[in-house]
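Structural characterization, general
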Amino acid sequence: MAKKTIETFRCMMCGHEYQEPVEEGEDREWMCPKCRSNSIRHIKKKGDKKKS
Amino acid sequence: MDVGRHPKIELLTYSEIEEVNGYVGNFEVKIRKKARYVDPDLCNACGDCFDECPVSVPDEFQMGLSSRKAIYMQYPQAVPGAYVLDMESCLGNNPIACGACAEVCEQEAIDYDDQDEIVTRKVGTVIAAIGLDVYDPTEMDEYGYTRFENVITSMEFERLISSGGPTGGHFMRPSDQERPKRIGFIQCVGSRNPKIGRPYCSNICCMNTVKDTLLLSDHYPDTENLVFYQDIRAFGKSFEDLFQRSKQKGTKYIRGLPGDIEEDPETNNLHVTVENTTAGKIERYELDMVVLSVGVVPSEELQRISSLFTLSKTADGFFMESHPKLRPVDAPTRGVYLAGFCEAPKDIKDSVCQAGAAASKAGALLNSGEITVEAITSVIDPDLCKRCGICASVCPYSAIMWSKGEVAKVIEAACAGCGNCGAACPFDAITMRHFTDAQIKAQIRSILSENAEDKVFVFACNWCSYAGGDTAGVARFQYPTTNRLVRTMCSARVSEEMVLEAFRCGAPVVLVSGCHFTDCHYINANRQTVKRMQKLWDKLEKAGVRPERLQLEWISAAEGQRFVETMNRMEELRQTVTPEEIEHSMQALKSKPKKKKKKKEPAKAEASSSE
């Protein structure tokens, strides 16, 4: 079963910050739940880059 | 059967594709022919081995309702008409071999030492017709499929009522082998249900149930049939007639799906509770048998085949065609065609039509002997290529040949011209014909040469976003006139450098827009756009530029209204950008001259001269 993690996203249009479960290798469009913009920035936690 | 006998068709049964190389007209396919342990040329299907085999395992073809032997023929019409040995079940696989089948085989067709064989075939085109899987209803426990014997699936019903089935066509229910008199069919099990991630209609289940009710009415006129449904979708030729005939023959159609099924432990009869939405009341029925009209799901093999041929999938998990209206049998990879269920749920008639169309297209391509490609393919400059292979890793069509230490090479017949490689190349070694970096940058500079602060700069993909703008225009929607569009074939053509150049030229807001994920015209190239945007937002923030000034939107060709809404929002955003911010970004993002590594130059010169 694919690994799921809770990731943080920020909408670059309205500034809404939210968390969502993301499955490993998931391929879906990100959309702000508040304003429906696709300008979604994935906020990586510190150390994520090193791990990957 | 005809295919098996056709002199010009080589039928490789019991085989799997292992590897695919090449491109349209020149595919090289490695196929694993699994060991059958029975030579199909020698086997005359006498069945002596089957009679002698002491092993008994559930028969997959009969949906586990009866058993088969370890040596078996999947079904009577199987091609080739020869037995196959299931080595996982065979006692011959154990240290003490049984050998019963080999002893009775007069043809000496059985070979326990048979091995898988890898064969290679060169083909010009490929037709993917890998079929479907049936939805497994065990996860929908409210219908008691795993708890009650008399709750069966439509596939199991099919075997029970078939003369070639486990009961020889004597219809009986599993719990007591009595003929059921009251049968309920529940529709949309595993279809049109977003809660279980299957929002699509499976297309065939309604008519399959209508057919089953007619079959029951004809064979057993005393049975009482009930169908619980949301909608009956009888939209094919003569389908409405069949539906009406089913009703005339006494089948009762109840609009509403049961919420719960309970079993009477003494009689094994089933009590079904349903809200009849037509009558507006809760009803209870006592039934002898419940048939779950199960939907269809993409084949388990689909993911593997998709990776082998670089095909894309829809949100439902079926193969994506090149264009839903104009190229419904073409896969995005040139030379690959789709037929049947793997593309979308469809009935036999539609599958036959699509298969005919796919075969015709493949035949036409092979007969022409040549293909025409649009002159928008990528070209790699071998002198600038640093042999890193990034271009090959991002190409959605595997159209770039590269091996470690080698200069990458574009296969023009396979290149679709998305330009993703050009945007990804860090050494400017790739030129996309008619959409070169120089051409696009010239457009950027020209657009922003005057009153840049009044403009929203937009990169729009050819197929969706740009067409979305056209749709908005044709519909005469009103939107701000401040936007300036530059068309690229795909949003993935937009490199980091192009976005930064727009900011350097004074753009207050830059929008990159492309197709929705499931609509991407270049398989999945726009996923690279997302990656690039993430990097750019980080880069802008690091340079002290407000990252919100760079926006990303997916707009389809039909979404004129969304195009308008996006442009309105971009204009609102533009008005928040101050002249100081623009000035700062112009300075902060100034490109730094590239450092030249003087020591390495002679070696490079040597390498290029030797080429």
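This part takes up the overall build of chain B. Each helix and strand in chain B was counted, giving 17 helices and 27 strands. Across its three principal axes, chain B shows a C-alpha extent of roughly 85 × 70 × 45 Å. Of the contacts made within chain B by residues no fewer than 6 positions apart, 69% connect residues no fewer than 24 positions apart.

Take the overall build of chain A next. Helix and strand counts for chain A stand at one helix and three strands. Counting helices and strands in the order they occur from the N terminus, chain A gives β-β-β-α. A total of 52 residues make up chain A; the buried ones form 17% of that total. Of the contacts made within chain A by residues no fewer than 6 positions apart, 30% connect residues no fewer than 24 positions apart.

To continue, consider helix H5 (residues 205-219) of chain B. All names here are of chain B. Counted at 1.5 Å a residue, the expected span for H5 with its 15 residues is 21 Å, and the 21 Å between its end C-alpha atoms agrees. All buried positions along H5 are accounted for by Cys 205, Cys 206, Asn 208, Thr 209, Val 210, Asp 212, Thr 213 and Leu 216. Contacts made by the buried residues of H5 are with helix H4 (154-161), strand E11 (182-189), strand E12 (224-229), helix H6 (239-248) and strand E17 (289-294).

Let us look at the domain arrangement of chain B. Splitting chain B by domain gives domain 1 (133-297) and domain 2 (451-521 + 532-611). Computed from C-alpha atoms alone, the centre-to-centre distance between domain 1 of chain B and domain 2 of chain B is 54 Å.

This part covers the interface of chain A and chain B. Listed as interface residues are ten residues of chain A and, on the opposing side, eleven residues of chain B. Within the side of chain A that touches chain B, the residues separate by chemical class into two nonpolar, four polar and four charged.

Quick look at the sheet that holds strand E3 (residues 40-43) of chain A now. Residue and element names in this part refer to chain A. Across the sheet, three strands lie side by side as E2-E1-E3; this open sheet has antiparallel pairing. On the outer flanks of this sheet lie strand E2 (17-23) and E3, each paired with one strand and no other. Here the strands of the sheet are splayed against their neighbours by 40° on average, with no regard to which way each runs. The pairing of strand E1 (residues 4-11) with E2 spans seven bridges and is antiparallel.

In this section: the pairing of strand E13 (residues 252-255) of chain B. Residue and element names in this part refer to chain B. Here four bridges tie E12 to E13, and the two strands are oriented parallel to one another. For Phe 228, the partnering residue across the bridge sits in E13 and is Ile 254. Following the backbone out of E12, through H6 and into the adjacent parallel E13, one traces a crossover that is right-handed.

Once that is clear, we can look at the sheet that holds strand E24 (residues 456-461) of chain B. All names here are of chain B. Ordered in space as E25-E24-E26-E27, the four strands form an open sheet in which the pairing is parallel. Each of the sheet's edge strands pairs with one partner strand only, and the pair in question is strand E25 (483-488) and strand E27 (550-554). Neighbour-to-neighbour, the strand axes of this sheet turn through a mean angle of 20°, independent of strand direction. Docked against the sheet, helix H12 (residues 465-474) engages E24, E25 and strand E26 (509-514), running at close to 110° with respect to E24. Along the sheet, helix H15 (residues 560-574) contacts E24, E25, E26 and E27; its crossing angle with E26, the most-contacted strand, is approximately 160°.

This paragraph deals with the confidence of the model for chain B. Residues and elements named next belong to chain B. Within chain B, residue pLDDT values average 92, and 96% of them lie at 70 or more. Within chain B, the element-level pLDDT minimum falls on helix H17 (residues 601-610), averaging 47, and the maximum on E26, averaging 98. Confidence drops under a pLDDT of 50 for residues 603-611, and excluding neighbours within four residues, the segment shows two contacts in the predicted structure. Scored as a whole, the predicted complex attains pTM 0.84, and scored at its interfaces, ipTM 0.91.

Once that is clear, we can look at unusual backbone geometry. Residues and elements named next belong to chain B. Across the junction of Val 79 and Pro 80, the peptide omega takes the value 0°, indicating a cis bond. Structurally, Pro 80 is set in the loop between strand E5 (71-72) and strand E6 (84-85). With phi around 50°, Glu 108 is a residue other than glycine that occupies positive phi space. Along the polypeptide, Glu 108 turns up in the loop between helix H3 (100-104) and strand E7 (117-123). Owing to 9 C-beta atoms within 10 Å, Glu 108 belongs among the exposed residues under this scheme.

This part is about the nonpolar core. All names here are of chain B. In terms of nonpolar packing, the biggest core is built from 77 residues, with Val 499, Ala 502 and Val 510 touching the most fellow members. Those residues in contact with Val 499 that lie beyond four places of it in its chain are Val 494, Val 510, Val 512, Leu 536 and Leu 550. Judged by nonpolar contacts, the second largest core, of 50 residues, contains Tyr 135, Tyr 143, Val 274 and Ala 344.

Residue and element names in this part refer to chain B. The residue Phe 61 is located in the loop between strand E3 (57-58) and strand E4 (67-68) in this model. Note: C-alpha distance between Phe 61 and Leu 366 (305 residues apart in sequence) is 37 Å. Ignoring anything within four residues of it in the chain, the contact list for Phe 61 reads Gln 74 and Tyr 75.

Residues and elements named next belong to chain B. It is the contact of helix H11 (residues 437-447) with helix H13 (residues 496-504), at a shortest axis distance of 9 Å, that shows an interaxial angle of 20°. By the criterion of interaxial angle, the relationship of H11 to H13 is roughly parallel. The handedness of the crossing between H11 and H13 is right-handed. In this structure, H11 uses Ile 440, Lys 441 and Ile 444 to contact H13, whose residues at the interface are Met 498, Glu 501 and Ala 502. Of the residues contributing to the contact of H11 with H13, the split by class is four nonpolar, no polar and two charged.

Looking at the secondary structure, you find Glu450(B) in the loop between H11 and E24. Between the C-alpha atoms of Glu450(B) and Gly506(B), which are 56 residues apart in sequence, the distance is 9.5 Å.

Attention now goes to the packing of H5(B) against H6(B). All names here are of chain B. For the pair H5 and H6, interaxial distance at closest approach is 9 Å and the crossing angle is 45°. Considered as vectors, H5 and H6 are oriented oblique to each other. For H5 against H6, the interelement crossing comes out left-handed. Of H6, the residues touching H5 (which contributes Met 207, Val 210, Thr 213 and Leu 214) are Phe 239, Leu 242, Phe 243, Arg 245 and Ser 246. Of the residues belonging to the contact of H5 with H6, the class tally is six nonpolar, two polar and one charged.

For the rest of this paragraph, the subject is the pairing of E27(B). Residues and elements named next belong to chain B. Most of E27 is tucked away: five of the five residues are buried. What you see with E27 is no split at all: Leu 550, Leu 552 and Trp 554 on one side and Gln 551 and Glu 553 on the other are buried throughout. As paired elements, E26 and E27 share five bridges and run parallel to each other. Bridging across to E27, Val 512 finds its partner in Leu 552. A crossover links E26 with its parallel partner E27, the connecting element being helix H14 (residues 526-542), and its sense is right-handed.

The rules behind these values
Residues numbered from 1 in each chain as written. Chains lettered and ligands numbered in written order. Predicted model: local features only at pLDDT ≥ 70, side-chain atom pairs only at ≥ 80, totals over all residues. Helix = DSSP H or I, 4+ residues; strand = E, 2+ residues; numbered from the N terminus. Contact = placed C-beta atoms within 7 Å. Buried ≥ 20, exposed ≤ 12 C-beta atoms within 10 Å, placed from the backbone. Expected span 1.5 Å × (residues − 1). Domains from an automatic or database assignment. Nonpolar A, V, L, I, M, F, W, Y, C, P; charged D, E, K, R; others polar. Pairing = 2+ DSSP bridges. Axes fitted to C-alpha atoms, helices over the stretch in contact; angles between N-to-C directions. Right-handed = clockwise from strand over helix to strand, strands pointing away. pLDDT = per-residue confidence, 0-100. Core = buried A, V, L, I, M, F, W, Y, C linked by C-beta atoms within 7 Å. Parallel < 35°, antiparallel > 145°, perpendicular 65-115°, else oblique. Left-handed = near helix turned anticlockwise from the far one by under 90°.

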